Amino acid sequence: APDDYDVLWRVARLYFWLADDPALKSSEKSRLGKIAWDYGDRAAAVNPNRVEGWHYGAAGVGNYALGIGVFTALRQGIEGKFKERLSKAESIDPNFENGGIQTAWGRFWYELPWPKYSAKRSQKFLEDALAKNPGNVRAHVYLSDLLVKEEHPDKAMAELQKALAKPPGRYDAP
């Protein structure tokens, strides 16, 4: 079913999850992220009024960018591609994945180098994600990363403890 919306966005999600493995080499993260991005875009082209294609397309763009390096991604104009897709997803369904969009925005502002980096924006979006879904393990981990970076180790440890307290599969089955 090469043009079936529900197949396309699920393939994009699969490749996003595969690319999200922290053990991967950067080149593999980038390769898998690009596949997720392409499938997300194909899904969005088939049905631009649904959120999944836009969201997982943005997620693929993000992993692609992390794989090639943030500075290279910025030089290639990847920031705009990510923001375009995630903004479109947010306009369709801001509650998608119970805070998944806010989690992505939070990590986006964390990953950018100075002067684009924004701890304030990152924290706001991650806290918004956790307000929507306190069980959002990824948002707890990302908030912990931010708190470490901003030199709040005790608060960072508390976020990690919240993440560890969630039973596997409750938030994100894969």
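Structure: see above.
The rules behind the values
Each residue is numbered by its place in its chain's sequence as written, counting from 1. Where local features are concerned, this predicted model is filtered to residues with pLDDT of at least 70; where side-chain atom pairs are given and counted, the filter is 80 or more; whole-chain, interface and lining totals use all residues. Side-chain metrics rest on all non-hydrogen atoms present in the structure, leaving aside hydrogens and water. Working definition: helices are DSSP H or I runs of at least four residues, strands are E runs of at least two. Numbering for both runs from the N terminus. Values of the radius of gyration come from C-alpha atoms, whereas the globule rule sets the reference at 2.2 Å times the count of residues to the power 0.38. In what follows, a contact means two residues having at least one pair of non-hydrogen atoms within 4.5 Å. Here, expected helix span is obtained from the residue count minus one, scaled by 1.5 Å. Remark: exposure states derive from per-residue accessible area (1.4 Å probe, protein chains only) relative to the maximum for the residue type, with buried under 20%, exposed over 50%, and partly exposed in between. Of all possible arcs, the one meant is that of the directions from the helix axis to the C-beta atoms. Each polar contact in these results corresponds to two N or O atoms within 3.5 Å; when the atoms are within protein, one needs to be able to donate a hydrogen and the other to accept it, and residues that are neighboring in sequence are counted only if both atoms are side-chain atoms. By nonpolar core is meant a set of buried Ala, Val, Leu, Ile, Met, Phe, Trp, Tyr and Cys residues that side-chain atoms within 4.5 Å join together. The term salt bridge refers to a side-chain nitrogen of Lys or Arg lying within 4 Å of a carboxyl oxygen of Asp or Glu. In this scheme Phe, Tyr and Trp rings, the latter by its six-membered ring, pair at centre separations within 6.5 Å, and the angle between planes marks the pair as stacked below 30 degrees, edge-to-face above 60, and tilted otherwise. Sitting over a ring, as applied to charges here, requires NZ of Lys or CZ of Arg to be within 6 Å of the ring centre and within 35 degrees of the ring normal.

We now examine the overall build of the protein. When you go through the protein residue by residue, the secondary structure sums to nine helices and zero strands. Helices (α) and strands (β) of the protein occur, in sequence order from the N terminus, as α-α-α-α-α-α-α-α-α. Against the 2.2 N^0.38 benchmark of 16 Å for 174 residues, the protein shows a C-alpha radius of gyration of 16 Å, consistent with a compact globule. Counting only C-alpha atoms and orienting by the principal axes, one finds that the protein spans roughly 50 × 35 × 30 Å.

Our next topic: the environment of Gly53. Tracing the sequence through the fold places Gly53 in helix H3 (residues 51-68). Beyond its immediate sequence surroundings of up to four residues, Gly53 is in contact with Tyr5, Trp9, Gly40, Ala43 and Ala44.

The subject of this paragraph is helix H1 (residues 5-19). The terminal C-alpha atoms of H1 lie 21 Å apart, and with 15 residues this matches the ideal 21 Å at 1.5 Å per residue to within 8%. Those residues of H1 that fall on the buried side of the exposure criterion are Tyr5, Leu8, Trp9, Ala12, Phe16 and Ala19. In a view along the axis of H1, the buried residues occupy a sector of 90°, so they form one face of it. At its buried positions, H1 is contacted by helix H2 (26-46), H3 and helix H8 (137-149). Capping of H1 at its N-terminal end is provided by Asp4; its side-chain oxygen lies 3.1 Å from the backbone amide nitrogen of Asp6.

Turning next to the nonpolar core. If you look at the biggest cluster of nonpolar residues, it comprises 29 residues, and the most contacted ones within it are Tyr56, Ile78, Phe82, Ile101 and Trp105. Looking at this core, the elements with two or more residues in it are H1, H2, H3, helix H5 (78-92) and helix H6 (100-111). The element that contributes the greatest number of residues to this core is H3, accounting for eight residues. Leave out the neighbours within four places in its chain, and Phe82 touches Ala58, Val61, Gly62, Ala104, Trp105 and Phe108. Judged by nonpolar contacts, the second largest core, of twelve residues, contains Tyr110, Ala119, Leu143 and Ala156.

Scanning the model with the defined rule gives 14 salt bridges in all. Notably, a salt bridge pairs Arg50 with Asp6, separated by 3.1 Å at the nearest N-O pair. On the criterion of sequence distance, the pair formed by Arg50 in the loop between H2 and H3 and Asp6 in helix H1 is long-range, its members being 44 residues apart. As a salt-bridge pair, Asp128 and Lys124 come within 2.6 Å of each other at their nearest N and O atoms. Of this pair, Asp128 and Lys124 both sit in helix H7 (residues 119-132), four residues apart, which is roughly one turn of the helix. Judged by its relative accessible area of 44%, Lys124 is partly exposed. What emerges from the salt-bridge pattern is a single network uniting Asp6, Arg10, Arg50 and Glu52.

Take the packing of aromatic side chains next. Under the defined criterion, the tally for this structure stands at ten aromatic pairs. Their ring planes at 90° and their centres at 6.1 Å tell us that Phe82 and Trp105 sit as a pair that is edge-to-face. Taken together, the residues span a long stretch of sequence, with Phe82 in helix H5 and Trp105 in helix H6 at a distance of 23 residues. Trp105 matches Phe82 in its accessibility class, with the two residues each being buried. Ring plane angle 80° and centroid distance 5.7 Å describe the contact between Trp105 and Phe108, whose orientation is recorded as edge-to-face. Taken together, the residues Trp105 and Phe108, both in helix H6 and three residues apart, mark about one turn of the helix. Between the NZ or CZ atom of Arg107 and the centre of the ring of Tyr142, over which it lies, the distance is 4.1 Å. Sitting above the plane of the Trp109 ring, Arg121 keeps its charged end 4.3 Å from the centroid.

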